[in-house]
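One letter stands for each residue in the lines below.
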Amino acid sequence: PYDEIAVEEALRIKEAQEGKVTIISVGTDKTVEAIRTALAMGADEGILINDPDAQGCDALGTARILATVLKDIPYDLIIAGQRAVDDDNYQVGGAVAEFLDIPGISMVIKEEIADGKIKCHRSIDGGTAVLEAPLPALFTTQRGLNEPRYASLPGIMKAKKKPLDTKTLADIGLDSG
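Residues numbered from 1 in each chain as written. Predicted model: local features only at pLDDT ≥ 70, side-chain atom pairs only at ≥ 80, totals over all residues. Heavy atoms only, no water.

### Examining the pairing of strand β3 (residues 77-81)
Argument step 1. Here β3 lies mainly inside the structure; 4 of its 5 residues are buried.
Argument step 2. With 5 bridges connecting them, β3 and strand β7 (residues 137-141) associate as parallel partners. Across the sheet, residue Gly81 finds its bridge partner in β7, namely Thr141. (Buried < 20%, exposed > 50% of the residue type's maximum accessible area, 1.4 Å probe, protein only. Helix = DSSP H or I, 4+ residues; strand = E, 2+ residues; numbered from the N terminus. Pairing = 2+ DSSP bridges.)

See the structure below:
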């Protein structure tokens, strides 16, 4: 659900400011369905890293793979789900920001982009903090940021024709094993 919030926020930013939304994930063939759902919502393209040696990676391994892919893609903003619900892991987003040497803000419930900066309202214990960072940056989503849209039937049909590139670790320049 946090990734759906991330996709929705990326689409809202794209609608307000132009740009392109690329969905990047590490997973198996089953992950294609999740990427296609994001494409049906309105994302422009998808990249799946599907490699047996990537399966079962810990959070830092997954973050390293994602950061490696992102180094070859121009971006202003990376939006990630706050955590994975399967293993309740909160580390990937922050680690990607660290590997890319960009600011990272977690648990965002509101964002504003202007003048090459992002201002984020972030949930903290007992309240909200407001942080500002230069772009490029990464933030992770928290419930309350938005309500994700449903994929429409025309969107689902268009998603089948949108590019979804599947790569291995070797394709992105990482050693297997």
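### Re the packing of aromatic side chains
Argument step 1. On inspection of all chains with the given rule, the structure shows 0 aromatic pairs.
Argument step 2. A cation sits over an aromatic face here: Arg143 above Tyr2, 4.9 Å from the ring centre. (Phe/Tyr/Trp six-rings, centres within 6.5 Å; stacked < 30°, edge-to-face > 60°. Lys NZ or Arg CZ within 6 Å of the ring centre and 35° of its normal.)

### Some points on the pairing of strand β2 (residues 45-49)
Argument step 1. Counting buried positions over the 5 residues of β2 gives 5, a clear majority of the element.
Argument step 2. Burial along β2 is two-sided: the residues Glu45, Ile47 and Ile49 and Gly46 and Leu48 are all buried.
Argument step 3. In terms of strand pairing, strand β1 (residues 22-26) meets β2 through 5 bridges, oriented parallel. Bridged to Thr22 within β2 is Glu45.
Argument step 4. On the question of chirality, the crossover connecting β1 to the parallel β2 by way of helix α2 (residues 31-41) is right-handed.
Argument step 5. By the bridge criterion, 4 bridges tie β2 to strand β8 (residues 164-167) in an arrangement that is parallel. Across the sheet, the residue bridging to Ile47 is Asp165, located in β8. (Right-handed = clockwise from strand over helix to strand, strands pointing away.)

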